[in-house]
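What the coordinates show
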Amino acid sequence: SVPELLREAYRYELFYTDISYRPLPALLAMFDRVPYHVQRFRNTAMQRHVTRALSKVPYDYVVAESLYAAPVARVAIAAGVPVIMRAHNAEHVIWSNLAYAEKNPLRRSLFRYMAGRIRKYELEVLASSSACACISNDDIVALRNAGAYTHLYHAPFGMAIDAGEELDEGGPDHEIYHIGSMEWLPHREAMAWFLAEVWPAVHAADPRIQCHLAGKGLERIIPGLDQPGIVVHTGPIDAREFARLRP
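Computed from a prediction, not measured in an experiment: that's the story for all the values here. (Residues numbered from 1 in each chain as written. Predicted model: local features only at pLDDT ≥ 70, side-chain atom pairs only at ≥ 80, totals over all residues. Heavy atoms only, no water.)

1. A closer look at the pattern of salt bridges
Put simply, the rule is: Whenever a carboxyl oxygen of Asp or Glu lies within 4 Å of a side-chain nitrogen of Lys or Arg, that contact is scored as a salt bridge. Numbering goes from the N terminus for both helices and strands, where a helix is a DSSP run of H or I of at least four residues and a strand is a run of E of at least two. Under the scheme applied here, a residue whose accessible area is under 20% of the maximum for its type counts as buried, over 50% as exposed, and between as partly exposed, the area being computed with a 1.4 Å probe on protein chains only.
Counted by the stated rule, this structure contains 6 salt bridges. Notably, a salt bridge pairs R74 with E124, separated by 3.0 Å at the nearest N-O pair. Linking R74 in helix α5 (residues 70-78) with E124 in helix α7 (residues 105-127), this pair joins segments that are 50 residues apart in sequence. On the accessibility criterion, E124 (28% relative accessible area) is partly exposed.

2. Remarks on the sheet that holds strand β4 (residues 152-154)
The strands making up a sheet associate through backbone hydrogen bonding, with each pair oriented either parallel or antiparallel. Keep this limit in mind: Strand pairing is assigned whenever DSSP detects at least two bridges linking the two strands. Convention adopted: a line fitted to C-alpha atoms gives each axis, helices being fitted over their contacting stretch, and angles between N-to-C directions are expressed from 0 to 180 degrees. Whether two residues are in contact is decided by their heavy atoms, any of which lying within 4.5 Å being enough.
Taken in spatial order, the 4 strands of this open sheet run β1-β2-β3-β4, and their pairing is parallel. Edge positions in the open sheet fall to β1 (62-65) and β4, since each of these has one partner strand only. For this sheet the average axis-to-axis angle between neighbouring strands, irrespective of direction, equals 25 degrees. Here 4 bridges tie strand β2 (residues 83-87) to strand β3 (residues 131-134), and the two strands are oriented parallel to one another. Considered in β3, the bridge of I84 is made with A131. In the packing of helix α8 (residues 137-146) onto the sheet, the strands contacted are β2, β3 and β4, and the crossing angle to β4 comes to about 165 degrees.

3. Some words on the side chain of H37
Secondary-structure assignment places H37 in helix α3 (residues 36-39). Relative accessible area serves as the criterion here: at 18%, H37 is assigned to the buried category. Ignoring anything within four residues of it in the chain, the contact list for H37 reads Y68, W95, M114 and I118.

Here it is in C-alpha cells:
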C-alpha cells in the first residue's frame, strides 16, 4: 500500500509488529522501567536491522518518530549515532488530561500513575537524544515545564499541495467532514465529545448539514454515530477525494 512516489524516492524496510493489548504483559510492565505503551512497539527484527544498517553506512543522525520509537532510538544511541526525537505530543500530558477528566476513581488513579511513569520515561529518552523536534510550541512548553533540558525546537507538520490545487475546492454545501484513525485515544475522545455535545445543536440549527466521518476503527468504537445527519464511511478512503466530499 506504499505509494509509488515513496517507493521511488526512499529505501525502506517494513516490520510487522503486533501492538494488541495483552493483560499479563501489561501487568508485568508495571514493574518495568519502560511503560507498556512503549514496550508494545518493540521489534527485535527491526532493532537488528537498524544495528546492521548503522554499522555499514555513516549516518549523520537518526530520526525517531514519537516516543514509541524509543526502543529503536536506543539502538542508534548505543551505536554512537545522534538521535533526534520527533515529538508528536508531550505524551505524559495526554495521560494527565485523561486522569483529570476521568470520573471513575480507580481509573483516575491508574491514569495518574501512567502519566507519572510516561513523564519519567519521556524525560529519560529526551535526555539521551541530541534534540527534539516538536510539532507545536505548546509541546515545547509542556516538556520544558516537565524538566526537559534537551534542545527543543518547533517543526510543525505540513502537507505539500500541488500548484493550483485546493483540497476544499468543489465540495458540496452544508457538509463537513473529519478523517482520522480512531485507534488513537485522543481522536476517540474528541469525536465522542463532538457527537455528544456539538452535533445535536448543529443538526437542530440546520438539519440540511451532514457530517461525513472516516477513520480506522470508527464504526465499532464511537457512540452516537447513528444520529441523524452523520454519514460514516468505511473501507479504504482516498483522503484527497474525501476532502472534496466525493468518496
